[in-house]
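The residues making up each chain are set out below.
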Amino acid sequence: NHHNSAAMSKPSSNMLNREFSMNIRVTDECAGRRGSGSSGIEKGRMVIAIRDMIPGEIAVSTPALGAVLHEHQFGRHCDFCFVAIGTETGTKALRCSRCLTVCYCSRACQSADWKAGHSIECTARKGLGEALLAAGFQGNDVVKDAILACRCIRATAKGGTGPTGSIEDLESLADKSNQAEMDMFKCIGLAVAEFSPKLVGQTGFSCAAADAVQDAFMKFRSNNFAVTDDLMIALGAGCYPVGAMLNHSCEPNCILTYEFAPGKMPKQVIRVTEKIQAGQELTHSYVEIGAPSWERHAELMEAYGFECNCSACRDDKYTMVQDTLLTSTVDASGVLTSKKFKGICMLPLAEPLLERDVELSKAENFLDEAWDEENVQKELDLINEACRLRCRWLNPRHVDIFETHQRAHRAAMAGKNWPEAAKHCKKMIEHYQGAYPAWHPLIGIQMEVMAELCEMLNDLEEARKWYHKAFAVLAITHGRENTMVRSLQERLQELG
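Fair warning: this is a prediction, and the values are worked out from it, not measured in the lab. (Residues numbered from 1 in each chain as written. Predicted model: local features only at pLDDT ≥ 70, side-chain atom pairs only at ≥ 80, totals over all residues. Heavy atoms only, no water.)

Another point: the packing of aromatic side chains. Per the counting criterion, the structure on display carries nine aromatic pairs. Where Phe-217 meets Phe-220, the ring centres are 6.4 Å apart and the plane angle is 45°; that geometry is what we call tilted. Taken as a pair, Phe-217 and Phe-220 lie in helix α4 (residues 207-223) at a separation of three residues, close to a single helical turn. We classify Phe-220 as buried; its relative accessible area is 9%. Ring geometry for Tyr-240 versus Tyr-258: centroids 5.5 Å apart, planes at 55°, classification tilted. (Phe/Tyr/Trp six-rings, centres within 6.5 Å; stacked < 30°, edge-to-face > 60°. Helix = DSSP H or I, 4+ residues; strand = E, 2+ residues; numbered from the N terminus. Buried < 20%, exposed > 50% of the residue type's maximum accessible area, 1.4 Å probe, protein only.)

Okay, structure coming up:
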């Protein structure tokens, strides 16, 4: 998920009425200027277009104020630029010989990171980890979060309010946090200030340093972004103050992607996905827009502290239809799902029906057995049987059916069963097309997979069609110069 600000508190004066490119301006003008997709918040900052733009055009791109690689990506991606490294890319990972906790793709990144702050972090992070563990915080995730907070504090102290923005530009939801959360962040701030003050540019303990870390954590709660690769897989977390200025909509007109280059920090790129007129607000979605409305609303309230009132959410008929398709029985008699969603479902629940409930319970059992099955073909058979039962009783667009097609697709790919993989891949595309806007990157990515499967099946004409469809989507979301998109275009040229 991409985390962002809810734009609920007083906006920073540093950001307001500033132009961050030739295309956008941050403003706190009245809500009447907002685009039709806006979340409906009546006051607060927003980003508006300075000029007309077309789909795929970059509204703004900025490097991270600070970024940190996820623990499970260690050794597979560079800790500074996030470029892939290791055996799959032919790039040898260069590990820091002092702390052994970071890897780089090149000497250039190692040198850049040393200057950016690893010279401080290299010796300080061990003490920080021990201090946080003593305070009851286990695991490396909290250490990574603390490191990110400190990086942003140091970058703000060095750079002020340049084109990247600063941590001071981010809005805090402190007034919407519970006491336990506040105490936790305070404890982390004290641990940093007492045991690793150099991380925030101090030579010794100070209450100001502890407060700065606590404040950063309060802002990260609703402002950090998941930094994703071309396939929308999260590699790490990053702080992008300019990107955090965009308001939420369940019908967004922008998409956020990331660019990686050796020697540079990950860059956030914001592209428009529809025709934009000068003066129109730019928005993106803070949550999974393919989820039922009540789950979206619950997550927005829990994480960002506001109730969405965008054009999609104001359209009761549209919302009811979408929710019904995603969660109802095949006869649309009521909601019936295998998992419990967040929030309060506004649709009627399905009445008990013995035959249906027994068969759906069997489907659950088949899926549980599939997790433990070591034979790939037997695993696929179990998932296919679960899929058959679910398709009998649930709406074709149901989230449970999509999940089953997704698992079957993965099992078929693992077993190199291309016909089965293609069958389930097509069903996944159909679901994506119903749940997401036509430009959504997951649609394009899945279309490319479908094209590759058609090639495996020697159906080159069908492959060409899917490559064309994938290119049309990904050229908008990722840009024509993106490596993945250029590879798509080259493959199309090869196929004629």
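Further remarks concern the pairing of strand β9 (residues 234-239). Across the six residues of β9, five count as buried, placing the element largely inside the fold. Two elements, strand β8 (residues 225-228) and β9, share four bridges in a ladder whose sense is antiparallel. Within the sheet, the bridge partner assigned to Thr-228 lies in β9 and is Ala-234. Between β8 and β9, which follow one another and run antiparallel, lie five residues, and Met-232 among them has a positive phi close to 65°. (Pairing = 2+ DSSP bridges.)

Note that Asn-223 resides in helix α4. A polar contact of 2.8 Å, which involves the side chain of Asn-223, links it to the backbone oxygen of Glu-171. (Polar contact = N/O pair within 3.5 Å; in protein donor to acceptor, adjacent residues only side chain to side chain.)

This part takes up the sheet that holds strand β5 (residues 66-69). Here three strands make up an open sheet; going across it, the order is β5-β9-β8 and the pairing antiparallel. Every other strand in the sheet has two partners, leaving β5 and β8 as the edge strands with one partner each. In this sheet, neighbouring strand axes are inclined to one another by 35° on average, regardless of whether the strands run parallel or antiparallel. Note that β5 and β9 share four bridges and pair antiparallel. Directly across from Val-68, in β9, lies its bridge partner Ala-237. Sitting on the sheet, helix α2 (residues 141-159) is in contact with β5 and β9, with an inclination near 160° to β5. (Axes fitted to C-alpha atoms, helices over the stretch in contact; angles between N-to-C directions. Contact = heavy atoms within 4.5 Å.)

How two helices sit against one another is set out by the angle between their axes and by the gap between those axes. With their axes 8 Å apart at the nearest point, helix α10 (residues 399-414) and helix α11 (residues 418-435) run at an angle of 150° to one another. As far as their axial angle goes, α11 and α10 are roughly antiparallel. Where α10 crosses over α11, the two elements pack in a sense that is left-handed. Residues Val-399, Phe-402, His-405, Gln-406, Ala-408, His-409, Ala-412 and Met-413 of α10 lie in contact with α11, whose contacting residues are Trp-418, Glu-420, Ala-421, His-424, Cys-425, Lys-427, Met-428, His-431 and Tyr-432. Tallied by class, residues from the contact of α10 with α11 come to ten nonpolar, five polar and two charged. (Parallel < 35°, antiparallel > 145°, perpendicular 65-115°, else oblique. Left-handed = near helix turned anticlockwise from the far one by under 90°. Nonpolar A, V, L, I, M, F, W, Y, C, P; charged D, E, K, R; others polar.)

This part is about the state of the cysteines. Tallying each qualifying case throughout the model produces zero disulfides. Unpaired in terms of disulfides, Cys-78 finds its nearest cysteine sulfur in Cys-81, a separation of 3.7 Å. Free cysteine Cys-313: the closest other cysteine sulfur is in Cys-250, separated by 3.7 Å. (Disulfide = S-S within 2.5 Å.)

On the basis of which strands lie adjacent, the open sheet formed by three strands has the order β4-β12-β11 and antiparallel pairing. On the outer flanks of this sheet lie β4 (58-63) and β11 (254-259), each paired with one strand and no other. Sheet twist, expressed as the average angle between the axes of neighbouring strands with direction ignored, equals 20°. Where β4 and strand β12 (residues 267-272) come together, five bridges link them in antiparallel fashion.

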